[in-house]
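Descriptive analysis of the structure
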Amino acid sequence: MPRALCIGELLIDFVSTTPDVTLADAPGFVKAPGGAPANVAVGLAKLGVDAGFIGKVGADPFGDFLTETLQQNSVDTAYLIAGETSRTTLAFVATRSDGMKDITFYRHPGADIQLSPDEIDADYIQSAALFHYGSVSLSHSPTREATLKAIQCAKSAGAFISYDPNLRLMLWDNPDEARHWIWEMMPFADVVKISEEEWEFITGDVELPRGIERILGLDVKLLVVTLGERGCYFTNGNANGYVEGFTVEVVDTLGAGDAFVAAMLSRLIKHTDLTSLNTDQLESIMRYANAAGALATQKVGVIPSLPTPQEIKQFLS
Ligand code: ADP
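Predicted, not measured: the structure shown is a model, and the values here were computed from it.

1. Comments concerning empty space enclosed by the protein
Scanning the entire structure with this criterion turns up 1 cavity of 30 Å³ or more. Along the walls of the largest cavity sit Ala36, Pro37, Val40, His132, Tyr133, Gly134, Asp164, Asn166 and Asp258, which together make up its complete lining. Residue assignment for the lining of the largest cavity shows that the elements contributing at least two residues are helix 1 (36-46) and strand 8 (130-133). Here the lining of the largest cavity gets 3 residues from one element, more than from any other, and that element is helix 1. Here the lining of the largest cavity is built from residues that sort into 4 nonpolar, 3 polar and 2 charged.

2. Quick notes on the packing of helix 1 against helix 8 (residues 256-268)
Contact geometry for helix 1 and helix 8: axes closest at 8 Å, N-to-C directions at 45°. Between helix 1 and helix 8, the angle is such that the two are oblique. Here helix 1 runs over helix 8; the crossing is right-handed. Residues Ala36, Asn39, Val40, Gly43 and Leu44 of helix 1 pack against Asp258, Val261, Ala262, Leu265 and Ser266 of helix 8. The residue makeup of the contact of helix 1 with helix 8, split by class, is 6 nonpolar, 3 polar and 1 charged.

3. Concerning the sheet that holds strand 4 (residues 51-58)
Overall, mixed pairing links the 9 strands, which are arranged 5-4-1-8-9-10-11-12-13 in an open sheet. Two strands close off the open sheet at either side, each with one partner strand: strand 5 (80-83) and strand 13 (240-243). Strand-to-strand twist in this sheet, taken as the mean axis angle between neighbours without regard to direction, amounts to 15°. In this sheet, strand 9 (residues 160-163) lies alongside strand 8 in parallel orientation, the contact comprising 4 bridges. Paired with Leu130 across the bridge in strand 9 is Phe160. Its contacts with the sheet place helix 8 against strand 8, strand 9, strand 10 (191-195), strand 11 (222-226) and strand 12 (232-235), and it is angled at close to 160° to strand 10. Each of strand 11, strand 12 and strand 13 is contacted by helix 9 (residues 279-296), which is oriented at about 145° to strand 12, the strand it contacts most.

Cut-offs applied
Residues numbered from 1 in each chain as written. Predicted model: local features only at pLDDT ≥ 70, side-chain atom pairs only at ≥ 80, totals over all residues. Heavy atoms only, no water. 1 Å grid on protein atoms, 1.4 Å probe; cavity = no way out; pocket = protein on both sides within 12 Å on 5 of 7 lines; lining within 4 Å. Points joined across faces, edges and corners; volume = space filled by probe spheres on them. Helix = DSSP H or I, 4+ residues; strand = E, 2+ residues; numbered from the N terminus. Nonpolar A, V, L, I, M, F, W, Y, C, P; charged D, E, K, R; others polar. Axes fitted to C-alpha atoms, helices over the stretch in contact; angles between N-to-C directions. Parallel < 35°, antiparallel > 145°, perpendicular 65-115°, else oblique. Left-handed = near helix turned anticlockwise from the far one by under 90°. Contact = heavy atoms within 4.5 Å. Pairing = 2+ DSSP bridges.

So this is what it looks like as structure tokens:
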């Protein structure tokens, strides 16, 4: 049984072959595996943490491709289900000249939101030491209930729980519902990672203090706010600080946050009490995670760019 489990979306990103276009103008697309929790599972596996992924793809060639991709990266797929009733979810992505991503999802419905609570195996989840989830799998039933059941299962078994809301507003029926469910899932988590771009939507505040107080008040032990190339901010209520990012030649920032999360978790999993970690310990972990995030920006595509421990070590030296 895997030591770490991630639940959520696994889908195909069709990425425009031409830079600087809208989706309407893009002439062609290349297929790439996508889905933040699946990226985190691969990131953990590459860092030597035995990992599994729970989710649903369609029983179709794209689902086969995604399943094989996880297997090739040593991620356990025993509970990656190939559903007969819906297609593998697709997303089409183009990057506009102002850097904004033009994204359209084909998920009406897609297999990733068809995972049902009765497909969640309590024994499989209860044997994991680390459990990670996001908010994309909360947008629709029955995957919302399946995700909730899995989180509760992991929590009651005493697993270390990690949450990266990874906001994708266009997948929700309305913004209030997204915010509601993102907060509903907060109290389960030991560590929460939020990116700067999501902070204002989630907390309703541009500044950090009130949001930090509210999140740590829900018994979250460690909160990390990632700041893109500027690195990250961390607080566990006792120790806090900023850790500067690394200056690198960026090829593609997609997946930097997932690489960051995987690297951070691969270090945090060794500690039982996150609130007792001091500033030096947390700075060292965040520096390691910043290095993984920076490395992930240096190659095209997410999975190929998720670093190994050797690559991080070499980068840091
Ligand atoms: P997300 O990818 O989830 O939106 P961020 O953009 O904040 O999250 O990136 C996550 C982490 O990846 C950052 O905290 C940083 O360590 C690293 N990172 C992201 N972009 C860059 C960049 N341009 N240069 C160096 N490091 C980066």
